[in-house]
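# Survey of secondary and tertiary structure
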Amino acid sequence: MAQNQRRFNVTNHQIPIPTLHQSTTNTTGTDTGTSTRASKTASSSDLSILTRFHAGYFRISLALCSQALLWKTLAEPTTDARALSSIVRTIPSFAFILLWSIALLTLLLLCLLYLVRCFLRFRSVRAELAHHVGMNYLFAPWISFLMLLQATPFLQPDNRLYRILWCAFSVPIVVLDVKIYGQWFTQGKRFLSMVANPTSQITVIGNLVGAHVAAQMGWKESAVCMFSLGITHYLVLFVTLYQRFLGSDSLPAMLRPVFFLFIAAPSTASLAWDSISSSFDTGCKMLFFLSLFLFASLVSRPALFKRSMRRFSVAWWAYSFPLTILALAATEYAQDVKGVIPNVLMLVLSVLSVVVTLALMVFTALKTNDILPHDDPFVCYNIARGTST
Amino acid sequence: MEQTELQVEIPSVLKQTSCQNIKGFDCVDYGNGNNPNPLENAISDKESYGESIAGSKITKLELQEVVIISLPASPSGLHIGQTKLVLHSEKCENTDQNDTKNPYPQLAKQKKFHSQPILVRENGDRKVVHSEAIRDHRFDPFKTWSGRLERQISNLRGKATQEPDIEAGASERDEIEEAPGVDRYFDALEGPELDTLRATEVSVLPEDEKWPFLLRFPVNAFGICLGVSSQAILWKTLNTSPAMSFLHISPMPNLILWWAALALILFVSFVYLLKIVFYFEAVKREYHHPVRVNFFFAPWIACMFMALAVPPSIAVNLRPFIWYILMTPIFILELKIYGQWMSGGQRRLSKVANPSNHLSIVGNFVGALLGANMGLKEGPIFFFAVGLAHYIVLFVTLYQRLPTNAALPKELHPVFFLFVAAPSVACMAWAKIQGDFDYAARIPYFIALFLYMSLAVRVNFFTGIRFSLAWWAYTFPMTGASIATIKYTMAVTNVVTRSLSVCLSAISTFTVSTLLVYTIVHAFVLRDLFPNDISIAITRKKPKFSKMLSHFRSSSADSKDFDSSISKNSEI
């Protein structure tokens with residue numbers, strides 16, 4: 001850690017390195033002459049690490065919260081997976097509560113760090129809001145909160161506190177909707193054709209998750225309202241992303257794992273419609289099948305992800321959440337359509353999602369250095385634009 | 001003829017090649033009949049590759065007068081008068097540079113760019129009369145494994161081993177082995193089916209000679225199977241649907257058409273299989289063509305049409321495993337093509353979208369319809385969902401007519417009828433999945449009807465377009481619309497719908513019969529049903545200016561046309 005501090009010290013005072021990607025770690029070649037300075041600025045550099053946590057780190061919380069939701073769904077008695085529920089029930093409920101707590105703690109920690117960043121580096125936050133990738137991740141904490149709420153073992157959906165919390169988490173989503181969707185067709189620099197990229201689907205997912213939870217609470221009208229918001233913009237976004245105008249080619253190679261969000265959006269829509277219409281009807285099935293097809297399509301193109309897989313980064317966490325949502329949708333599908341193949345599908349997808357999440361947790365524990373933010377990717381925008389942001 | 005000696009080294013390429021195969025290209029008939037090209041007669045009526053050339057004519061290889069035009073390096077040297085006529089004596093391997101009139105001796109030392117002769121490598125022993133000795137190597141790069149298989153076979157037969165590749169031949173082979181990028185297809189070709197070579201482009205294969213039949217057999221030929229098998233479905237529906245029983249159609253047309261379609265499918269598949277075996281490189285190039293790649297779905301769709309059209313006297317209930325077998329290749333092809341759209345790069349949809357992409361979408365809906373007919377539940381919904389999602393994307397893209405999209409024809413062309421295909425099949429598939437023709441099925445039906453009407457009233461704009469084999473593929477949307485109308489009539493039976501069904505069925509049958517007549521005329525009378533398939537013979541890189549010039553000179557292109565294409569090309 002001391003080496004890291006020294007390195008951060010070198011980069012802290014000077015003009016930040018104008019790079020969008022995390023710099024290569026060079027923990028061995030630091031100068032020893034700065035050791036005295038290092039001790040003085042240790043606190044400020046610690047703080048600087050903390051304030052570099054950009055919104056992309058909420059991928060971790062998305063992944064963990066959705067995992068908690070998956071485990072809860074699998075353990076439900078209504079799940080008709082003859083083999084699976086018995087396996088899941090052997091896992092003590094203690095483990096599930098542990099996972100839920102870890103997810104909650106991670107989420108709270110990330111929110112706290114982001115709040116600190118808001119206070120200390122407000123300019124960076126503004127730059128992030130303006131960035132075509134960063135702005136979408138502002139939905140991520142609210143999505144995580146909603147999923148955590150759904151997965152909570154302590155509250156029932158018809159509880160008053162539950163409903164208050166839902167309102168508290170959905171209102172920011174609607175506010176962000178108005179801002180970002182409005183920009184899509186009104187503001188010149190941020191037309192949809194210019195800013196559309198796979199992470200824009202997070203905005204859609206936010207609406208759909210809100211609708212899903214609302215329907216489970218029994219608030220059908222709010223659910224339908226948010227669902228229609230989500231699905232309409234999903235239609236527009238889907239077409240735009242498939243067309244792939246030249247302007248939308250601005251995703252760096254390190255962020256290719258976010259292509260998995262193509263899988264997440266229709267699965268979430270399928271879940272939402274399932275809870276609104278109380279049965280897994282044809283529309284839900286079609287959305288689920290679409291996401292299955294997109295999953296097969298992405299998995300059969302490993303070359304697309306080769307460059308991003310060279311180094312561990314927080315972008316790798318983008319693999320977990322879509323797989324978990326797909327597994328959730330498969331669970332609902334298997335409940336409705338009983339048979340061998342749906343159950344096998346559910347089993348395979350659930351196992352895959354659990355394995356991927358566990359692997360990511362192990363990687364994070366082993367390579368913590370790689371995942372810590374060494375640069376603020378949004379500072380360069382500050383420098384480049386001066387004070388015009 | 002006076003011959004002045006001039007010792008100039010000519011490239012080794014010319015030492016070993018004879019270039020008198022193309023009439024009017026390298027050879028000059030002096031008009032007095034003294035030195036006719038003995039090979040002219042042999043080559044001109046060579047219909048298909050591999051025919052053994054009459055040996056007797058070849059042995060009479062005597063002194064050949066061959067003209068090689070050499071152009072100076074700089075474009076300023078475009079004066080015809082400055083070019084030298086170099087006569088190459090074909091007596092023996094010795095290089096003999098003979099100059100007839102040489103009014104410009106100062107040009108003798110200039111670097112010469114000899115027009116490349118068409119390479120025909122001969123075996124060492126010219127006296128061998130066997131056909132393998134003068135095998136046409138021009139089409140080797142397009143063959144499977146670049147003709148190495150055939151060479152090995154001839155080696156096994158004990159012939160003298162051939163020379164190692166001459167450099168020009170090797171470079172041609174490299175040229176072919178890697179398929180061009182999609183940009184090259186758009187740059188080099190034009191037309192609504194991207195099958196016409198632009199004036200500034202050069203073909204890798206000789207354009208004025210008939211290529212081997214297999215090379216000329218495009219994958220569009222499966223369009224005929226689509227057209228005929230969809231007709232079979234139409235007549236089966238007319239026969240079996242109770243709402244149309246007032247017509248008293250017998251089951252005979254269905255039976256006849258079904259057997260005809262079966263024969264056609266077997267024949268076309270067999271020929272194309274031969275093409276894959278012998279000319280795999282050509283197939284690879286067709287696969288990379290942005291319009292032709294969609295026709296690779298056609299065989300499977302045609303087989304599914306056959307399954308849908310099977311006469312009741314032959315089979316009533318088909319086994320589900322047929323569905324799985326037919327949908328697997330479609331699924332794999334889809335993964336590849338839709339994945340290319342999604343991940344962008346060279347083949348992003350905004351660049352390559354063209355109406356033929358509908359063929360890739362229709363496969364999903366036809367599969368859903370067939371699966372629902374067979375009683376499957378989840379599989380049809382799967383493919384319906386995938387087809388619907390991608391259809392929406394394609395529909396919006398094509399309707400937008402993006403400026404980045406170069407492939408859409410500006411004028412109307414029968415390919416636009418493919419717009420009608422997807423909604424009409426989708427409505428039938430949905431009706432079958434749901435069990436009845438509900439509102440969700442009627443919406444796509446009315447969209448299909450609207451698109452049909454808007455194209456039908458513009459039918460006068462379709463005249464004057466060159467007939468091509470792909471037109472067969474555009475008849476099946478019409479037939480599909482008629483079948484959808486009959487299904488709609490079954491749900492809503494009244495005079496209007498019945499007359500609409502009769503009307504549309506009549507139009508589609510009439511169109512198919514007309515097309516049949518056209519095809520027979522072109523096949524047997526005009527004999528140009530399978531013209532040279534230029535679109536697979538484009539060069540990998542833009543041709544160099546000198547090559548363009550030589551191409552221009554050899555073809556009798558209008559200079560104005562040439563100038564305009566040069567200027568057009570330079571803008572791109």
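The structure presented is a predicted model; accordingly, all values stated were derived computationally and were not measured. (Residues numbered from 1 in each chain as written. Chains lettered and ligands numbered in written order. Predicted model: local features only at pLDDT ≥ 70, side-chain atom pairs only at ≥ 80, totals over all residues. Heavy atoms only, no water.)

## Observations regarding the overall build of chain B
For the record, the criterion: Put simply, DSSP H or I for four residues or longer makes a helix, DSSP E for two residues or longer makes a strand, and each gets a number counted from the N terminus. Burial classes: relative accessible area under 20% of the type maximum marks a residue as buried, over 50% as exposed, and values in between as partly exposed (1.4 Å probe, protein chains only). Two residues qualify as a contact provided that any one of their heavy atoms is within 4.5 Å of a heavy atom in the partner residue. The method behind every accessible area is Shrake-Rupley, applied with a 1.4 Å probe, and residues are considered shielded solely by the protein chains displayed.
A count of helices and strands for chain B gives 21 helices and seven strands. Here chain B, with 572 residues, has 52% of them falling under the buried criterion. Summarising the internal contacts of chain B: among those between residues at least 6 apart in sequence, 78% fall at separations of at least 24. Summed over its atoms, the accessible surface of chain B is roughly 26,400 Å², and 62% of this surface lies on carbon and sulfur atoms.

## What about the overall build of chain A?
Per the secondary structure count, chain A includes 18 helices and zero strands. The 389 residues of chain A split such that 58% are buried. Taking the contacts inside chain A whose residues are at least 6 apart along the sequence as the reference set, 82% of them involve residues at least 24 apart. Here chain A displays about 16,200 Å² of accessible surface, and carbon together with sulfur accounts for 69% of that area.

## Observations concerning the interface of chain B and chain A
Put simply, the rule reads: Here the buried area means the combined drop in accessible surface, using a 1.4 Å probe, for two parts upon being joined, counting both sides. Whenever a carboxyl oxygen of Asp or Glu lies within 4 Å of a side-chain nitrogen of Lys or Arg, that contact is scored as a salt bridge. Any pair of N or O atoms that falls within 3.5 Å is considered a polar contact. Within protein, one atom must be able to donate a hydrogen and the other to accept it, and sequence-neighbouring residues count only if both atoms are side-chain atoms. In this classification, the charged set is Asp, Glu, Lys and Arg, the nonpolar set is Ala, Val, Leu, Ile, Met, Phe, Trp, Tyr, Cys and Pro, and all remaining amino acids, among them Gly, are polar.
At the interface, 31 residues of chain B touch 27 residues of chain A. A combined buried area of about 2,600 Å² lies between chain B and chain A, and 72% of that area is made up of carbon and sulfur atoms. Of all residues in chain B, Met342, Arg348 and Glu378 of chain B give up the largest surface area on contact with chain A, accounting jointly for 27% of the area buried on that side. Joining chain B to chain A, the criterion identifies one salt bridge. Between Lys285 of chain A and Glu378 of chain B there is a salt bridge; the shortest N-O distance is 3.4 Å. Here chain B is connected to chain A by four residue pairs in polar contact (both at pLDDT 80 or more). Breaking the side of chain B that touches chain A down by element, the ones donating at least two residues are helix 12 (320-343), helix 13 (349-352), helix 15 (378-400) and helix 16 (418-434) of chain B. Of all the elements, helix 15 of chain B adds the most residues to the side of chain B that touches chain A, at 14 residues. Along the lines of polarity and charge, the residues of the side of chain B that touches chain A split into 18 nonpolar, nine polar and four charged.

## Concerning a nonpolar patch on the surface
What counts here: By definition, no residue in a patch forms a salt bridge, and every one has over 30% relative accessible area; like charges are joined within 9 Å, nonpolar side chains (Val, Leu, Ile, Met, Phe, Trp, Tyr) within 5 Å.
Side chains of Val340, Ile341, Val344, Leu347, Val348, Val351 and Val355 of chain A sit close together on the surface and give an oily, nonpolar patch of about 630 Å² of accessible area. Relative to the assigned elements, Val351 of chain A resides in helix 16 (residues 340-366).

## Side note on the nonpolar core
Defined as follows: Residue types Ala, Val, Leu, Ile, Met, Phe, Trp, Tyr and Cys, when buried and joined through side-chain atoms within 4.5 Å, form a set referred to as a nonpolar core.
Core analysis: the largest hydrophobic core is formed by 250 residues, its most contacted members being Met147 and Phe288 of chain A together with Phe142, Leu215, Leu226 and Trp341 of chain B. Looking at which element gives the most residues to this core, the answer is helix 16 of chain B, with twelve residues. In this view, Leu226 of chain B contacts Ala298, Ile301, Ala302, Phe305, Leu359, Ala473 and Phe476 of chain B; residues no more than four positions away in its chain are not counted.

## Focus: the environment of Tyr391 of chain B
Turning to its location among the elements, Tyr391 of chain B is positioned in helix 15. Non-local contacts of Tyr391 of chain B, meaning those with residues more than four positions away in its chain, are made with His358, Ile361, Phe365, Phe419, Ala422 and Pro423 of chain B.

## Here we look at the packing of helix 12 of chain B against helix 15 of chain B
Residue and element names in this part refer to chain B. For the record, the criterion: Where helices are involved, their axes are fitted lines through C-alpha atoms of the stretch in contact, as for all axes, and angles between N-to-C directions lie from 0 to 180°. For classification, angles of less than 35 degrees are called roughly parallel, those exceeding 145 degrees roughly antiparallel, those between 65 and 115 degrees roughly perpendicular, and all remaining angles oblique. Here is the rule for handedness: rotate from the far helix to the near one, and if that takes an anticlockwise turn smaller than a right angle the crossing is left-handed, while a clockwise turn gives right-handed.
Taken N-terminus to C-terminus, the directions of helix 12 and helix 15 make an angle of 30°; their axes are 12 Å apart at the nearest point. Considering the angle they form, helix 12 stands roughly parallel to helix 15. As for the relative orientation of helix 12 and helix 15, their crossing is left-handed in sense. Between helix 12, through Trp323, Met327, Phe331, Glu334, Tyr338 and Trp341, and helix 15, the contact on the second element is made entirely by Gly379, Pro380, Phe382, Phe383, Val386, His390 and Leu394. Residue composition of the contact of helix 12 with helix 15, by class: ten nonpolar, two polar and one charged.

## Digging into the pattern of salt bridges
Tallying each qualifying case throughout the model produces five salt bridges over all chains. Between Glu128 of chain A and Arg117 of chain A there is a salt bridge whose closest N-O contact spans 3.3 Å. Highlighted residues: Glu128 of chain A in helix 7 (residues 122-130) and Arg117 of chain A in helix 6 (residues 93-120), separated in sequence by eleven residues. The network of salt bridges with shared partners includes Lys275, Glu286 and Arg292 of chain B.

## As for the side chain of Ser356 of chain B
Relative to the helices and strands, Ser356 of chain B resides in the loop between helix 13 and helix 14 (358-374). Not counting the four nearest positions on each side in its chain, Ser356 of chain B is found in contact with Val291, Asn294, Val415 and Leu418 of chain B.

## Quick look at helix 18 (residues 475-491) of chain B
Put simply, the rule reads: A helix is expected to span 1.5 Å multiplied by its residue count minus one.
In a regular helix each residue adds 1.5 Å, so 17 residues correspond to 24 Å; helix 18 of chain B covers 25 Å between its end C-alpha atoms and thus fits that length. Of all 17 residues making up helix 18 of chain B, 14 are buried, and the element is well covered by its neighbours.

## So, helix 8 (residues 140-151) of chain A
All names here are of chain A. Under the 1.5 Å per step criterion, the end-to-end length of helix 8 is 16 Å for twelve residues, consistent within 8% with the ideal 16 Å. A large share of helix 8 lies buried, amounting to eleven of its twelve residues. As for helix 8, its buried residues are in contact with helix 4 (58-75), helix 6, helix 9 (160-186), helix 11 (201-217) and helix 15 (320-336).

## So, the side chain of Ser505 of chain B
Residues and elements named next belong to chain B. Looking at the element boundaries, Ser505 is found in helix 19 (residues 495-525). Of the polar contacts made by the side chain of Ser505, one reaches the backbone oxygen of Ser501; its length is 2.6 Å. Once you skip the residues sitting within four places of it in the chain, Ser505 turns out to touch Leu234, Leu238, Ser482 and Ile486.

## Side note on the packing of helix 8 (residues 222-240) of chain B against helix 11 (residues 298-308) of chain B
Residue and element names in this part refer to chain B. Interaxial distance between helix 8 and helix 11 falls to 9 Å at its minimum, and their mutual angle equals 20°. For the element pair helix 8 / helix 11, the angle class is roughly parallel. In the packing of helix 8 onto helix 11, the handedness of the crossing is left-handed. Between helix 8, through Phe222, Cys225, Leu226, Ser229, Ser230, Ile233 and Lys236, and helix 11, the contact on the second element is made entirely by Ala298, Pro299, Ile301, Ala302, Phe305, Met306 and Leu308. Among the residues forming the contact of helix 8 with helix 11, the class breakdown is eleven nonpolar, two polar and one charged.

## Considerations on unusual backbone geometry
All names here are of chain A. Notably, Ser278 is not glycine yet its phi reads approximately 60°, a positive angle. Take Ser278: it is sitting in the loop between helix 13 (261-277) and helix 14 (282-299). For Ser278, a relative accessible area of 60% puts it in the exposed group.

## Here we look at the confidence of the model for chain B
Condition: pLDDT is a per-residue confidence score from the predictor, ranging from 0 to 100.
The predicted model of chain B averages 73 in pLDDT, with 62% of residues at 70 or higher. Considering only residues more than four positions removed or in separate chains, one finds that residues 1-7 of chain B, a stretch of pLDDT under 50, has 19 contacts.

## Remarks on the packing of aromatic side chains
Inclusion rule: Any two of the Phe, Tyr and Trp rings considered here, Trp counted by its six-membered ring, make a pair once their centres fall within 6.5 Å; the pair's planes then place it as stacked at under 30 degrees, edge-to-face at over 60, or tilted in between. For a ring to carry a charge above it, either NZ of a lysine or CZ of an arginine must fall within 6 Å of the ring centroid while also lying within 35 degrees of the normal to the ring plane.
Under the definition given, this model contains 52 aromatic pairs over all chains. The interplanar angle of 70° and the centroid separation of 6.0 Å between the aromatic rings of Phe305 of chain A and Tyr319 of chain A together place this pair among those described as edge-to-face. Of this pair, Phe305 of chain A sits in the loop between helix 14 and helix 15 while Tyr319 of chain A sits in the loop between helix 14 and helix 15, and the two are 14 residues apart along the sequence. The class of Phe305 of chain A is buried, set by a relative accessible area of 7%. Look at Tyr319 of chain A and you get buried, because its relative accessible area is 11%. Through successive ring pairs, a cluster of aromatic residues spans Phe280, Phe288, Phe289, Phe293 and Tyr333 of chain A together with Trp323, Tyr324, Phe331, Tyr338, Trp341, Phe382 and Phe383 of chain B. Here Arg442 of chain B stacks its cationic end above the ring of Tyr439 of chain B, 5.5 Å away from the centre of that ring.

## Overview of the confidence of the model for chain A
Residue and element names in this part refer to chain A. Residues of chain A with pLDDT of at least 70 account for 78%, and the chain-wide mean is 80. When pLDDT is averaged over each element of chain A, helix 13 comes out on top at 95 and helix 1 (residues 2-13) at the bottom at 41. Contacts for the low-pLDDT stretch residues 1-36, under 50 throughout, to residues beyond four places or in other chains number 58 contacts.

## Some thoughts on the state of the cysteines
The condition that has to hold: Any pair of cysteine sulfurs within 2.5 Å is marked as a disulfide.
Tallied over the entire structure, the rule returns zero disulfides over all chains. Here Cys427 of chain B stays free of any disulfide, with the sulfur of Cys503 of chain B as its closest cysteine sulfur at 18 Å.

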